[in-house]
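Architecture and fold: a report
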Amino acid sequence: MRLLIVGAPGAGKGTQAGSIAEHYGIPAISTGDIFRANIKNGTELGRKVKAIMDAGDLVPDEVTDEIVVDRLGQADAATGFLLDGYPRNLHQVDALDAYLKGSGLALDAVVSLDVDPELLTARLLKRAQIEGRTDDNEETIRNRMKVYAEQTEPLLSHYEKAGLLVSVDGVGEIDEVRERIFAALDARG
Ligand code: B4P
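Per-chain numbering applies: the sequence of each chain, read as written, is numbered from 1 onward. Local features are withheld for residues below a pLDDT of 70 in this predicted model, meaning they are given only at 70 or higher, and side-chain atom pairs are given and counted only at 80 or more; totals for whole chains, interfaces and linings count all residues. To get the side-chain values, all heavy atoms of the structure are used, and hydrogens and water are removed first.

A look at the site of the ligand
Only heavy atoms are used to decide nearness, and a residue is near a molecule or strand if one of them lies within 4 Å of it. As a matter of local geometry, the ligand sits amid 30 residues, with Gly12, Lys13, Thr31, Asp57 and Arg144 nearest to it. A 3.5 Å cut-off defines polar contacts: any pair of N or O atoms within that distance qualifies, except that in protein one atom must be a possible hydrogen donor and the other a possible acceptor, and neighbouring residues in sequence count only when both atoms are side-chain atoms. Here an oxygen atom of the ligand sits 2.6 Å away from a polar atom, N or O, in the main chain of Asp57. Isolated, the ligand exposes 1000 Å² of accessible area, and the fraction of that covered by the protein chains is 89%. Computed over the protein atoms alone on a 1 Å grid, cavities are sets of points where a 1.4 Å probe fits but cannot get out and pockets are open sets with protein on both sides within 12 Å along at least five of seven lines; a residue lines them when it has an atom within 4 Å of a point. Molecules are considered to sit inside a cavity or pocket once more than half of their atoms lie within 2 Å of its grid points. When atoms are counted within 2 Å of each cavity's grid points, the one that captures over half of the ligand is the largest pocket. A run of DSSP states H or I qualifies as a helix once it reaches four residues; a run of E qualifies as a strand once it reaches two. Both are numbered from the N-terminal end. Listed by contribution, the elements that provide at least two residues to the shell around the ligand are α1 (13-24), α2 (31-40), α6 (117-131) and α9 (174-188). Under this grouping Gly is polar, as are all residues other than the nonpolar Ala, Val, Leu, Ile, Met, Phe, Trp, Tyr, Cys and Pro and the charged Asp, Glu, Lys and Arg. Along the lines of polarity and charge, the residues of the shell around the ligand split into 10 nonpolar, 11 polar and nine charged. Method for areas: the Shrake-Rupley scheme with a 1.4 Å probe, in which residue coverage is limited to the protein chains shown.

Below, the structure written as structure tokens:
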């Protein structure tokens, strides 16, 4: 199974990615997690991306694309993967398409988690109190939402045209949303 999960900041991508990946026996690959781990470990990549993430902007495509291609080439991703938070703009879509085509592979589905924008901000502000992520403050959240609307939302119509989009209502209990995702993917066969 080769899957993407797409959604606005706070829609529940990272929250659901682990269960989906476990269900299908594939690795969940989150570009956000990879960047945060690098910041935490003080690597050169971490130093490069920290200010960008703190502002809620996108890390440059050439950096992100290379990391993803490298990760997808690892043994555990050979039979499938779930990409969480990538691609995030149409350039990244092209980079992923080129990689898959070159490897003779194709995506099975793109899960879109749909949540009302006001709920999203409330979720992220709640997470700020629990986890203290430096990009979960009101100003950065506003920019992340803007970046999502301008750069990431156009991906939905791209994948809809490709017949890959599976839209799921992301409002409700976490378990409920997870079951909706499984039902929607199972319905595709
Ligand atoms: P991400 O790590 O992808 O951050 P995110 O969009 O906030 O999603 P996340 O997975 O953390 O949160 P979720 O919706 O699960 O990206 C962070 C930054 O990294 C970006 O701003 C960018 O700078 C950089 N980056 C990442 N990928 C990139 C790329 N491809 N290109 C360039 N730059 C990139 O959940 C949020 C909260 O909601 C959680 O607290 C959760 O508990 C809660 N929640 C989830 N589901 C819920 C539900 N059903 N009910 C109530 N609360 C719920």
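Regarding the packing of helix α5 (residues 90-102) against helix α8 (residues 154-161)
The N-to-C vectors of α5 and α8 enclose an angle of 35 degrees; their axes lie 9 Å apart at closest approach. For the pair α5 and α8, the contacting residues are Leu90, Val93, Leu96 and Asp97 in the first and Pro154, Leu155, His158 and Tyr159 in the second. Looking at side-chain class alone, the contact of α5 with α8 contains six nonpolar, one polar and one charged residues. Every axis in this analysis is a line fitted to C-alpha atoms, fitted for helices over the stretch in contact. Angles between the N-to-C directions lie between 0 and 180 degrees. Contact criterion: two residues are considered in contact whenever any of their non-hydrogen atoms come within 4.5 Å of each other.

Remarks on the sheet that holds strand β5 (residues 165-169)
In short, DSSP must find at least two bridges between two strands for them to pair. The parallel open sheet is built from five strands, whose spatial order is β2-β3-β1-β4-β5. The open sheet is flanked by β2 (28-30) and β5, the only strands paired with a single partner. Strand-to-strand, the axes of this sheet are offset by a mean angle of 20 degrees, without reference to chain direction. Two strands pair when backbone bridges link them, and β2 and strand β3 (residues 81-84) are joined in this way by three bridges, in the parallel orientation. Bridged to Ile29 within β3 is Leu83. Along the sheet, α2 contacts β2 and β3; its crossing angle with β2, the most-contacted strand, is approximately 60 degrees.

Section: α8
Each turn of an α-helix holds 3.6 residues, which means side chains three or four residues apart point in the same direction. Buried within α8 we find Leu155, Leu156 and Tyr159. The buried residues of α8 occupy an angular sector of 105 degrees when projected down its axis, which confines them to one face. Residues of α8 that are exposed and point more than 90 degrees away from the buried face comprise Glu160 and Lys161. Against the buried residues of α8 lie β1 (2-7), α5, β4 (109-114), α7 (138-152) and β5. Looking at the residues trailing α8, positive phi occurs at Gly163, about 75 degrees. Relative accessibility decides the category of a residue: with a 1.4 Å probe and only protein chains considered, values under 20% of the type maximum give buried, values over 50% give exposed, and everything between is partly exposed. Here, the arc refers to the directions that run from the helix axis to the C-beta atoms.

Examining the layout of surface pockets
Grid points are joined across faces, edges and corners, and a volume is the space filled by probe spheres set on the points. Approximately 1100 Å³ is the volume found for the largest pocket. Gly10, Lys13, Arg127, Arg133 and Arg144 are the residues nearest the centre of the largest pocket, which is lined by 46 residues in total. Of all the elements in the fold, those that place two or more residues in the lining of the largest pocket are β1, α1, α2, α6, α7 and α9. With six residues, the single largest contributor to the lining of the largest pocket is α6. Broken down by class, the residue content of the lining of the largest pocket amounts to 16 nonpolar, 16 polar and 14 charged.

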